[in-house]
Amino acid sequence: MNKKVWIIVFAIFVFAFVLRTLFLKDLSLTFEYDQARDAYVSQQIAGGDLKVLGPPASTPGLYHGVFYYYILAPAYLLGHGSPVVAAYWIAFLNSLTVFVVFYLAYLLTKKNLLASFLAAILFAVSFEASQYATWLSNPTTSVLTVPLFYLGLWLWVKEKRNYAPIIVAVGLGLSIQSEIFLAYHLVPLAIWLWISRKNITKKQLLTFALSLLAVLSTMILAEIKFGFK
């Protein structure tokens, strides 16, 4: 793809970001108990008090990953505790999904640029995606990580890229960190790997497994530290 294509995609990204942050200047932001808790913990991390336990899930004794706290920490540090700055930061990450959606559509449609641009634009103007963009809650980051997981999966099973298992592991691992119930994406992963088993090497599986363990290591450490509750 030439530079003009990426310039257009970048323009769609900018449009998505502007759309998502349009009302932040008017302090149009939900900030309740969960957001206050996350802000407090993230600022502790920014101050050097590192954590391994993430936000609690609705099921007693179950916790999401700590990834979200670390994502928020730089924004709260630079914004001196301002949740508006944190919302701008989360909206930026959400808008980056434009690039992932564009490239995934590009591969799925066998390099059809029109369809790829349309996919990116639809995500940019999506009401649901834009609402998630400034929602300061741990599932928010999965808007980026889940498409990244499927992009990696396509690169692995269809494009046969050797580095793809790492992308799959990062996308899946960070999705589970964001929202523990997103582990259900292991099901389509298992199905696709079974279908493509003749083209999947043991080295690729080992790379994926080790990468996934690395990404989920804080969740594993939290379970060990707190007695597998």
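Residues numbered from 1 in each chain as written. Predicted model: local features only at pLDDT ≥ 70, side-chain atom pairs only at ≥ 80, totals over all residues. Heavy atoms only, no water.

1. Here's the deal with the pattern of salt bridges
The following threshold applies: Only one rule defines a salt bridge in this text: a Lys or Arg side-chain nitrogen within 4 Å of an Asp or Glu carboxyl oxygen. Where helices and strands are cited, they refer to DSSP runs of H or I of at least four residues and of E of at least two residues respectively, numbered from the N terminus. Using a 1.4 Å probe on the protein chains alone, a residue whose accessible area is under 20% of its type maximum counts as buried, one over 50% counts as exposed, and one in between counts as partly exposed.
For the coordinates displayed, the defined rule picks out four salt bridges. Salt-bridge contacts for Asp34 lead to Arg37; the nearest nitrogen and oxygen are separated by 3.5 Å. Of the two residues, Asp34 and Arg37 both sit in helix H2 (residues 33–46), three residues apart, roughly one turn of that helix. By relative accessible area, Asp34 is classed as partly exposed at 36%. With a relative accessible area of 18%, Arg37 lands in the buried category. Because the salt bridges share partners, they merge into one network encompassing Asp34, Arg37 and Asp38.

2. Comments concerning the packing of helix H1 (residues 3–20) against helix H5 (residues 97–108)
Keep this limit in mind: Lines fitted to C-alpha atoms define the axes, with helix axes restricted to the stretch in contact, and inter-axis angles between N-to-C directions lie between 0 and 180 degrees. Should an angle lie under 35 degrees it is considered roughly parallel, over 145 roughly antiparallel, and from 65 to 115 roughly perpendicular; all remaining angles are considered oblique. What makes a crossing left-handed is the near helix being turned counterclockwise from the far one by less than a right angle; a clockwise turn instead makes it right-handed. In this description, contact between two residues means that some pair of their heavy atoms is separated by no more than 4.5 Å. Polar here means any residue outside two lists: the nonpolar Ala, Val, Leu, Ile, Met, Phe, Trp, Tyr, Cys and Pro, and the charged Asp, Glu, Lys and Arg; Gly therefore counts as polar.
Two numbers describe how H1 lies on H5: the axes approach to 9 Å, and their chain directions differ by 135°. Between H1 and H5, the crossing angle belongs to the class labelled oblique. Like other packed secondary-structure pairs, H1 and H5 cross with a definite hand, here right-handed. Contacts from Val5, Trp6, Val9, Phe10, Ile12, Phe13 and Ala16 in H1 reach Val98, Phe99 and Phe102 in H5. Partitioned by chemical class, the residues of the contact of H1 with H5 number 10 nonpolar, no polar and no charged.

3. Here we look at unusual backbone geometry
Positive phi values are uncommon outside glycine, yet Lys110 reaches one of about 60°. Looking at where Lys110 falls in the secondary structure, it is placed in the loop between H5 and helix H6 (113–125). At Lys160, a residue that is not glycine, the phi angle is positive and equals roughly 55°. One can find Lys160 in the loop between helix H8 (142–157) and helix H9 (164–178).

4. Digging into the environment of Tyr76
Looking at where Tyr76 falls in the secondary structure, it is placed in helix H3 (residues 67–78). C-alpha separation for the pair Tyr76 and Ala46, spaced 30 residues apart in sequence, amounts to 7.8 Å. When residues no more than four places from it in sequence are discounted, the contact partners of Tyr76 are Phe31, Gln35, Ala39, Ser42, Gln43, Gly81, Ser82, Pro83, Ala86 and Leu136.

5. Describing H6
Stated formally: Every helix has an expected span of 1.5 Å times one less than the residues it contains. This arc is taken over the directions from the axis of the helix to the C-beta atoms.
Spanning 13 residues, H6 covers 18 Å between terminal C-alpha atoms, matching the ideal 18 Å at 1.5 Å per step. Among the residues of H6, Ser116, Phe117, Ala120, Phe123 and Ala124 are the ones counted as buried. Each buried residue of H6 sits inside an arc of 125° when the element is viewed along its axis, so together they form one side. For H6, exposure combined with an orientation more than 90 degrees from the buried face picks out Leu114 and Leu122.

Purely geometric stuff here, so don't read any function into it on its own.
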